[in-house]
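# Coordinate inspection notes
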Amino acid sequence: MSFSWKKVFSKKNKQTEISPDSVPKHIAIIMDGNGRWAAQRGLPRTAGHHAGMVALRRTIRAADEFGIKVLTVYAFSTENWKRPVAEVDFLMRLPSEFLRTDLPELIAKNVKVIMSGSRTGLPRHTIKAVDEAISKTANNTGMILNFALNYGSRAEIVKAVREISQAVAAGSLQVNEINEKIVADHLYTAGLPDPDLLIRPSGEIRLSNFLLWQLAYAELCFVEVYWPDFKREHLLAAIEAFSQRDRRFGTIKL
Ligand code: V07
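As a convention, each chain's residues are numbered from 1 in the sequence order in which they are written. Side-chain atom pairs in this predicted model are given and counted only at pLDDT of 80 or more, local residue features only at pLDDT of at least 70, and totals for whole chains, interfaces and linings cover all residues. Where side-chain values are given, they derive from all heavy atoms of the structure, hydrogens and water being excluded.

## Digging into the overall build of the protein chain
What counts, and what does not: Under the DSSP-based scheme used, a helix requires at least four consecutive residues in state H or I and a strand at least two consecutive residues in state E, with every element numbered from the N terminus. Each residue gets one of three labels from its accessible area relative to the maximum for its type: buried under 20%, exposed over 50%, partly exposed in between, using a 1.4 Å probe on protein chains only.
Across its full length, the protein chain holds seven helices and eight strands. Going through the 254 residues of the protein chain one by one, you find that 46% of them count as buried.

## A closer look at the nonpolar core
This is how the line gets drawn: Among buried residues, the Ala, Val, Leu, Ile, Met, Phe, Trp, Tyr and Cys ones that are joined through side-chain atoms within 4.5 Å form a nonpolar core. The contact criterion used throughout is that any non-hydrogen atoms of two residues lie within 4.5 Å.
Core analysis: the biggest nonpolar cluster contains 45 residues, and Ile-27, Leu-71, Ile-199 and Leu-235 have the highest contact counts within it. Per-element accounting of this core gives the leading share, eight residues, to helix α3 (residues 85–108). The residues contacting Ile-27, other than those within four sequence positions of it, are Ile-68, Val-70, Leu-71, Thr-72, Leu-197, Ile-199, Leu-235 and Ile-239. Formed by 10 residues, the second largest nonpolar core is a distinct cluster that contains Ile-30, Phe-210, Leu-211 and Ala-218.

## Description of helix α2 (residues 45–65)
The line we're drawing: Every helix has an expected span of 1.5 Å times one less than the residues it contains.
The first and last C-alpha atoms of α2 sit 30 Å apart over 21 residues, in line with the 30 Å expected at 1.5 Å per residue. Buried within α2 we find Gly-48, His-49, Ala-51, Gly-52, Met-53, Ala-55, Leu-56, Thr-59, Ile-60, Ala-62 and Ala-63. Following α2 by one or two positions, Gly-67 has its phi on the positive side, about 85°.

## Examining the sheet that holds strand β3 (residues 26–30)
Note the following rule: One bridge is not enough; two strands pair if DSSP finds at least two bridges between them. Between N-to-C directions, angles span 0 to 180 degrees; the directions come from axes that are lines fitted to C-alpha atoms, helices contributing only their stretch in contact.
Spatial strand order, β5-β6-β4-β3-β7-β8: six strands in an open sheet with parallel pairing. Each edge of the open sheet carries a strand with a single partner, namely β5 (112–116) and β8 (219–223). Each adjacent strand pair in this sheet contributes to an overall mean axis angle of 20°, direction not counted. Alignment of strand β7 (residues 197–201) against β8, held across five bridges, turns out to be parallel. Following the sheet pairing, Pro-201 is matched in β8 by Val-223.

## Here's the deal with the pairing of β3
By the criterion of burial, β3 is predominantly enclosed, with five of the five residues buried. A two-sided burial pattern is seen for β3, the buried positions comprising His-26, Ala-28 and Ile-30 on one face and Ile-27 and Ile-29 on the other. Pairing of β3 with strand β4 (residues 70–77), which is carried by five bridges, proceeds in the parallel orientation. If you follow Ile-30 over to β4, its bridge partner there is Tyr-74. Across three bridges, the pairing between β3 and β7 is parallel. Residue pairing for β7: Ile-29 is matched across the bridge by Ile-199.

## Regarding the site of the ligand
Defined as follows: Residues are labelled near a given molecule or strand when at least one of their non-hydrogen atoms is within 4 Å of it. Areas reported as accessible are Shrake-Rupley estimates using a 1.4 Å probe. Residue values count occlusion only from the protein chains shown. Residue polarity is assigned by list, with Asp, Glu, Lys and Arg as charged and Ala, Val, Leu, Ile, Met, Phe, Trp, Tyr, Cys and Pro as nonpolar; anything else, Gly included, falls into the polar class.
Near the ligand, the surroundings consist of 17 residues, among which Leu-56, Leu-91, Leu-94, Val-130 and Phe-147 are the closest. Protein chains shield 98% of the accessible area of the ligand, which is 500 Å² for the free molecule. Looking at the shell around the ligand, the elements with two or more residues in it are α2, β4, α3 and β6 (144–151). Take the shell around the ligand: its biggest share by element is five residues, from α3. Class assignment for the residues of the shell around the ligand results in 14 nonpolar, three polar and no charged.

Here you go:
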């Protein structure tokens, strides 16, 4: 997207203008409410996860259309291992299922797939599917699609502290050289801009160990629909709300 203003149409076909400097560069989403969506319909939780995948596909298309540079989606948290084994097994097959159907479209759209999270503990078949998507899109220059998979923010910070401590112990880094940039460089999200906007559907008003460091200045948008019901119009409404909020980063605007 190289032109200046982007015209988009909401559901009622009302034309909206999104100025490029008021569009969030990086949007993070907690894809929450899939189990409750299914329970409400008397369906198994797996049906909710499937519907959540359809919502993800829609959201990727919409984010790309709106010119979002980075989209981070919370697919599996370190806490999710506490779920029943059968559900975890099912969830661990979703990356390969999603990529089998959607990787060609992501490649055609010049999307670059990356992952934030710990590889240790993930099944081999899951890592294989994700790595294939990462390597096949490594040279793409369009939207970055960042899957938070086996991700937990506190564990990520512990990892950073350990790596930095090792550099100090090895003598390659001085304690007084440690700063915010160095900490950020040891997070899974190293190199990415911080999210400008966090969207959490399903009515929960919590961060749940997601990107605690990175969300320091983000606008938070809580949406009252379960993730499988999240549509383009919800993303557009969140972007519009974002563009109307004043982000002052603790300074006073004159
Ligand atoms: C998962 C579907 C979306 C709703 C939230 C929970 C269930 C896509 C992926 C995925 C992950 C990595 C990757 C490509 C796709 C995924 C899990 C769950 C564990 F490289 N959806 N999805 N992974 N759900």
